[in-house]
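Residue-level structure breakdown
Here is what each chain is made of, one letter per residue.
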Amino acid sequence: MNNYDSLVVVGAQWGDEGKGKVIDFLAAKANVVARFQGGDNAGHTVVYGANIFKLHHIPSGILYPDCLSLLGNGIVINPLVLLNELLELEKRGISTKNLRISEKAHLIMVYHQAYDQANEELLGDQKIGTTGRGIGPAYADKALRRGLRAIDLADIKVFKERLSQILPLQNHLLKSAYGHKGYDLDQLVEMYRPAVEKLAPLVVDTSRLLADSFSKDKKILFEGAQGALLDIDHGTYPFVTSSSTVAAAAGSGSGLGPQYTSQVLGVMKAYTTRVGEGPFPSEDHGEAGELLRNRGAEFGTTTGRPRRCGWFDAVIARYATRINGLTGLAITKLDVLSGLETLNVAVNYRCDNNLTREFPAGMVKLEKCKPVYEAFPGWHEDLSGVRTMKDLPAAARHYLEALENTIEVPIELISVGPDRTQTIVRPGSFLAGWYGN
Ligand code: IMP
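So, here is what we can say about the structure in this document. (Residues numbered from 1 in each chain as written. Predicted model: local features only at pLDDT ≥ 70, side-chain atom pairs only at ≥ 80, totals over all residues. Heavy atoms only, no water.)

1. Structural notes on the overall build of the protein
Of the regular secondary structure elements, the protein holds 13 helices and 20 strands. For the protein, whose C-alpha radius of gyration is 22 Å, the value lies close to the compact-globule estimate of 22 Å for 437 residues. Principal-axis analysis of the C-alpha atoms gives the protein an extent of 65 × 50 × 40 Å. Per-residue burial over the protein gives 59% buried out of 437 residues. Pairs at least 24 residues apart make up 76% of the contacts formed inside the protein by residues separated by at least 6 positions. Separation of charge centres in the protein, based on 47 positive and 49 negative side chains, amounts to 3 Å. (Helix = DSSP H or I, 4+ residues; strand = E, 2+ residues; numbered from the N terminus. Rg over C-alpha atoms; globule rule 2.2 N^0.38 Å. Buried < 20%, exposed > 50% of the residue type's maximum accessible area, 1.4 Å probe, protein only. Contact = heavy atoms within 4.5 Å. Lys, Arg positive; Asp, Glu negative; His and termini not counted. Charge placed at Lys NZ, Arg CZ, Asp CG, Glu CD.)

Encoded structure:
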């Protein structure tokens, strides 16, 4: 145990677990919220009374005037999208003065989006189903050591100089490999000028800022994006995103050692969803899947695509627990399950006639795995007004206990609706302490 007051919040399924809502709730008690990976492929919806905020780049902490919001070095930033997001928030009366961007964060440029979309087309029915935001190509350029970084936004002259060093190669690749006409340097500079002017003052050494915050005993929340099964190493490769989405990335993606990040909350939906292509063992193609999609409003925040829906998968949950080192769980959208007669939970897989508790690495094997379900009785009561564990119907408590027993990590938070107030924190848990209960 260390004495650092911090919490890493990560998705423990295929993204869209409701992290935005959970992070927004916890950010009320944080001094700093730091994102450490991903880009504008993320879509966080925060509902506060009649206000709905859809954030892609900016951490949820921005909605709290005294909270510092950081974009760490592990992020990829589309300056045009970030500019729009800032202007949109400002138009709605939200101050954005507390946003800071790591000098080392990489930039997603228009040509990255062009590559992303062209790659998907070339892959045809083998496509990944990306968000089309240029995430993979931006991380690829980072690894190939030919990316632009936020520090290159220092002023328009620096930006132009750096772009002029990189653009000829990008244009060559676009033209020769993709049949694209390429980009003109001066036109690009003009296109990016407003973003450079707005973002330049926000670019700082966020690692130093975080270390200083820790030394002043501030509470730091690390905000993960996507989810465990979209992790570039541990996810359902190649149907993954291009960053490390697990908790260990909170340190490397924000310029800190691992000792600052010992508490890890894994967010899981009370059922499972996935957008994009790739295997999904507990997917339900029938009535239950349809009901979950409609009742849970399961349509992507970033792309609007309908999400694939299915039952809770404990094989995934146990795997996500191990690769993240989860110390607590947040179960979201429990209210969506009301009215289902029976709830299935995948407790094991049957793969090639072998029963396994482990999540396979190979997609060919995973495609063939069939979930082994345990059935639990459902409940009919509306949960949206429930605010304590003991007021949940007995069947809902039983369902949660069963999840907890198989995952072997305590459930610390339950969400029963999109609003901040529709949240139950377990008394005596780490989160209750965080929240001062
Ligand atoms: P990319 O991150 O746009 O390259 O997309 C790669 C895969 O990750 C696709 O299956 C996307 O649907 C998925 N993905 C990326 N970001 C998110 C997210 O925030 N939520 C859910 N899925 C995501």
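2. Observations concerning the side chain of Gln422
Among the structural elements, Gln422 can be located in the loop between strand 19 (411-415) and strand 20 (423-425). A polar contact is formed between the side chain of Gln422 and the backbone oxygen of Ser384, at a distance of 3.2 Å. (Polar contact = N/O pair within 3.5 Å; in protein donor to acceptor, adjacent residues only side chain to side chain.)

3. Points about the state of the cysteines
Using the criterion set out here, one finds one disulfide in the structure. Each sulfur in the disulfide pair Cys351 and Cys369 lies 2.1 Å from the other. Torsion about the S-S bond of the Cys351 and Cys369 cystine: about 110°, corresponding to right-handed handedness. With Cys351 in strand 16 (residues 342-351) and Cys369 in the loop between helix 11 (363-368) and strand 18 (370-377), the pair connects residues that are 18 residues apart, well separated along the chain. Each member of the pair Cys351 and Cys369 is classed as buried. (Disulfide = S-S within 2.5 Å.)

4. Quick word on the pairing of strand 10 (residues 220-223)
Across the two faces of strand 10 the burial is the same, with Ile220 and Phe222 and Leu221 and Glu223 all buried. Relative to strand 10, strand 2 (residues 32-35) is paired through four bridges, and the arrangement is parallel. The partner of Val32 across the bridge, within strand 10, is Ile220. (Pairing = 2+ DSSP bridges.)

5. Some thoughts on the site of the ligand
Taken together, 17 residues are adjacent to the ligand, and Asp16, Asn41, Thr131, Thr241 and Arg305 come closest. Contacts to the ligand include Gln226, whose side-chain N or O atom sits 3.3 Å from a nitrogen atom. Arg305 places a polar side-chain atom, nitrogen or oxygen, 3.0 Å from an oxygen atom of the ligand. Computed on the free molecule, the ligand has an accessible area of 470 Å², of which 96% lies beneath the protein chains in the complex. Of the residues in the shell around the ligand, the class split is seven nonpolar, eight polar and two charged. Of the domains in this structure, domain 1 (6-78 + 207-434) and domain 2 (106-202) are the two that each give at least three residues to the shell around the ligand. (Near = heavy atom within 4 Å. Areas by Shrake-Rupley, 256 points an atom, 1.4 Å probe, with all protein chains shown as cover. Nonpolar A, V, L, I, M, F, W, Y, C, P; charged D, E, K, R; others polar. Domains from an automatic or database assignment.)

6. Quick look at the nonpolar core
Ranked by internal contacts, the top residues of the largest apolar core, which has 73 residues, are Phe222, Leu334, Leu337 and Tyr399. Listed in part, the 38 residues of the second largest apolar core include Leu71, Ile94, Met109 and Tyr115. (Core = buried A, V, L, I, M, F, W, Y, C linked by side-chain atoms within 4.5 Å.)

7. Quick notes on the side chain of Lys269
Topologically, Lys269 is positioned in strand 11 (residues 264-269). Side chain to side chain, Lys269 and Glu298 meet in a polar contact 2.8 Å long. Look past the residues within four positions of Lys269 in its chain and what remains in contact with it is Gln13, Asp16, Glu17, Glu298, Arg307, Phe312, Thr332 and Lys333.

8. Examining the sheet that holds strand 11
Strand order across the open sheet formed by ten strands is 9-7-5-2-10-1-11-15-19-20, with mixed pairing between neighbours. Strand pairing shows two members of the sheet lacking a second neighbour, strand 9 (203-204) and strand 20, which therefore form its edges. Where strand 7 (residues 99-102) lies against strand 9, two bridges are found, and the strand directions are parallel. Residue Ile101 lies in a different strand from strand 9, and its bridge partner there is Val203.

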